[in-house]
Amino acid sequence: MITLSPHECRVLSVMIEKALTVQSQYPITLNGLITGCNQKSNRNPVMTLSEEQVLCALDSLRTKQLAREVMMSGSRVTKYKHNAREGLDIDTRELVVMAELLMRGPQTVGELRTRASRMHALDSTDVVQNIVNNLMAREPAMARKLAPGPGSRAPRYAQLLCPDLHPLDAPAEVGSSSTPAASAQAADSGLADRVSTLEREVAQLKVLLESLTSPS
């Protein structure tokens with residue numbers, strides 16, 4: 001099986017991401033690739049790769065037939081494309097799931113569906129579960145199942161192209177276990193409990209005040 005370095009993982013996953021989310025800017029330039037590798041959103045861990053490091057990763061990916069240079073008609077700048085579908089022998093749905101695992105580390109099926117769907121439609125968590133099962137059933141396997149993270153009952157899944165890329169026992173990313181809607185719902189629930197408590201206390205005070213002011 002092909003094995004990748006952490007820098008190769010980041011460069012390859014960014015090329016996959018950009019190919020499917022900003023098609024007008026793909027194939028991608030070296031500067032665009034550096035920016036994508038070092039962006040702070042949708043990345044774990046956040047990296048600061050230099051031009052030299054990105055070029056070295058590209059050279060290695062080309063040797064492994066996972067990337068190639070292209071010269072677009074009318075352009076003076078060299079651009080780059082991934083060749084991950086053919087190089088890894090996977091389809092588009094498997095490709096986007098692998099890209100998310102490479103970019104962000106171990107995730108649950110629900111997290112993978114939410115995040116990978118920005119690149120390619122994944123209709124349900126059952127679909128994603130089947131994709132992950134296929135990746136685990138390959139020989140050699142490209143993914144593995146992990147125990148649930150802290151505070152969760154859902155198992156997580158990790159890629160095996162670079163097994164040491166992410167700590168397998170690391171806690172989930174801040175905010176990854178709850179959506180904005182869930183957070184808002186929790187906040188509303190807490191507010192309702194506080195209001196209910198205050199109303200009971202006010203009612204008790206009214207009863208006490210009436211007992212003190214009523215004629216004996």
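Residue indices begin from 1 for each chain and proceed along its sequence in written order. Only residues with pLDDT of at least 70 get local features here, since the model is predicted, and only at 80 or more are side-chain atom pairs given and counted; chain-wide, interface and lining totals rely on the full set of residues. Values reported for side chains reflect all heavy atoms of the structure, with hydrogen atoms and water molecules removed beforehand.

In this section: the overall build of the protein. A tally of regular secondary structure across the protein gives eight helices and six strands. Walking the protein from its N terminus toward its C terminus, one meets helices and strands in the order α-β-α-α-β-β-α-α-β-α-α-β-β-α. Relative to its full complement of 216 residues, the protein shows a buried share of 37%. With residues, only the protein chains shown are counted as cover, and all accessible areas are computed by Shrake-Rupley using a 1.4 Å probe. When the accessible surface of the protein is split by element, carbon and sulfur atoms take 52% of a total near 12,400 Å². Starting at the N terminus, helices and strands are each numbered in turn, a helix being any DSSP run of H or I of at least four residues and a strand any DSSP run of E of at least two. Throughout, exposure labels follow a simple rule: accessible area from a 1.4 Å probe, protein chains only, divided by the maximum for the residue type, with under 20% read as buried, over 50% as exposed, and the rest as partly exposed.

Moving on: the environment of Arg153. On the secondary structure map, Arg153 appears in the loop between β5 (143-146) and β6 (156-159). Between the C-alpha atom of Arg153 and that of Thr108, which follows or precedes it by 45 residues, the distance is 9.7 Å.

Turning to the sheet that holds strand β3 (residues 79-82), a few remarks are in order. Only strands joined by at least two bridges in the DSSP assignment are considered to pair. Judged by pairing direction, the sheet is antiparallel, and its three strands sit side by side in the order β1-β3-β2 without closing on themselves. Since the sheet does not close on itself, it has two edges, and those belong to β1 (28-29) and β2 (67-70), each with one partner. Here helix α1 (residues 6-21) sits on the sheet in contact with β1, β2 and β3, set at roughly 95° to β3. Contacts between residues were defined by any pair of non-hydrogen atoms, one from each residue, lying within 4.5 Å. Axes here refer to lines fitted to C-alpha atoms; in helices the fit is confined to the stretch in contact. Angles between the N-to-C directions go from 0 to 180 degrees. Where helix α3 (residues 51-63) meets the sheet, it contacts β2 and β3, and its direction lies at approximately 110° from that of β2.

Further remarks concern the side chain of Thr108. When you line up the elements, Thr108 lands in strand β4 (residues 107-108). Sequence-distant contacts of Thr108, defined by excluding residues within four places in its chain, comprise Ala154, Pro155 and Arg156.

On to empty space enclosed by the protein, then. Buriedness of a pocket was judged along seven lines, with at least five required to meet protein on both sides within 12 Å; pockets are open sets of points on a 1 Å grid over the protein atoms alone, cavities are sets where a 1.4 Å probe fits but cannot get out, and lining residues have an atom within 4 Å of a point. Grid points are joined across faces, edges and corners, and a volume is the space filled by probe spheres set on the points. Applying the stated criterion across every chain, the model contains one cavity of 30 Å³ or more. In this structure, the largest cavity encloses a volume near 40 Å³. Lining the largest cavity, in full, are Leu101, Gly105, Pro106, Ala158, Gln159, Cys162, Pro163, Leu165, His166 and Leu168. Each residue receives one of three labels: charged for Asp, Glu, Lys and Arg, nonpolar for Ala, Val, Leu, Ile, Met, Phe, Trp, Tyr, Cys and Pro, and polar for the others, Gly being one of them. Among the residues forming the lining of the largest cavity, the class breakdown is seven nonpolar, three polar and no charged.

The subject of this paragraph is unusual backbone geometry. Here the amide bond leading from Tyr26 into Pro27 is cis, since omega sits at 0°, within 30 degrees of zero. Residue Pro140 is bonded to the preceding Glu139 through a cis peptide linkage, with omega at 0°. Inspection of the secondary structure assignment puts Pro140 in the loop between α7 (125-137) and β5. In this structure, Asn42 is a non-glycine residue whose phi angle is positive, near 60°. Mapped onto the elements, Asn42 comes out in the loop between α2 (30-38) and α3. Judged by relative accessible area, which is 27%, Asn42 ranks as partly exposed. A positive phi is found at Gln65, a non-glycine position, where the angle reads about 60°. Note on Gln65: relative accessible area 59%, which makes it exposed.

As a further point, take the environment of Ala67. With respect to the helices and strands, Ala67 occurs in strand β2. The class of Ala67 is buried, set by a relative accessible area of 6%. Placed 17 residues apart in sequence, Ala67 and Ala84 show a C-alpha to C-alpha distance of 7.4 Å. In this view, Ala67 contacts Met15, Leu61, Arg62, Lys81, His82 and Asn83; residues no more than four positions away in its chain are not counted.

With that settled, the discussion passes to the packing of α1 against α2. A pair of packed helices is captured by two measures, namely the crossing angle of their axes and the spacing between those axes. At a closest axis distance of 9 Å, the pairing of α1 and α2 adopts a crossing angle of 105°. Here α2 runs roughly perpendicular to α1, going by the angle between their axes. For the pair α1 and α2, contact is made by Arg10, Val11, Val14, Met15 and Lys18 and by Leu33, Gly36 and Cys37, respectively. Residues belonging to the contact of α1 with α2 are distributed by class as follows: five nonpolar, one polar and two charged. An angle below 35 degrees is treated as roughly parallel, one above 145 as roughly antiparallel, one from 65 to 115 as roughly perpendicular, and anything else as oblique.

A word on the sheet that holds β4. Pairing is antiparallel across the open sheet formed by three strands, whose spatial order is β4-β6-β5. Where the open sheet ends on each side, the last strands, each with one partner, are β4 and β5. Examined bridge by bridge, β4 and β6 share two bridges and lie antiparallel to one another. Each residue of the ladder has a partner; that of Gln107, found in β6, is Tyr157. Against the sheet, helix α5 (residues 92-104) touches β4 and β6, its axis set at about 90° to β6.

Nothing here speaks to function; it is all geometry.
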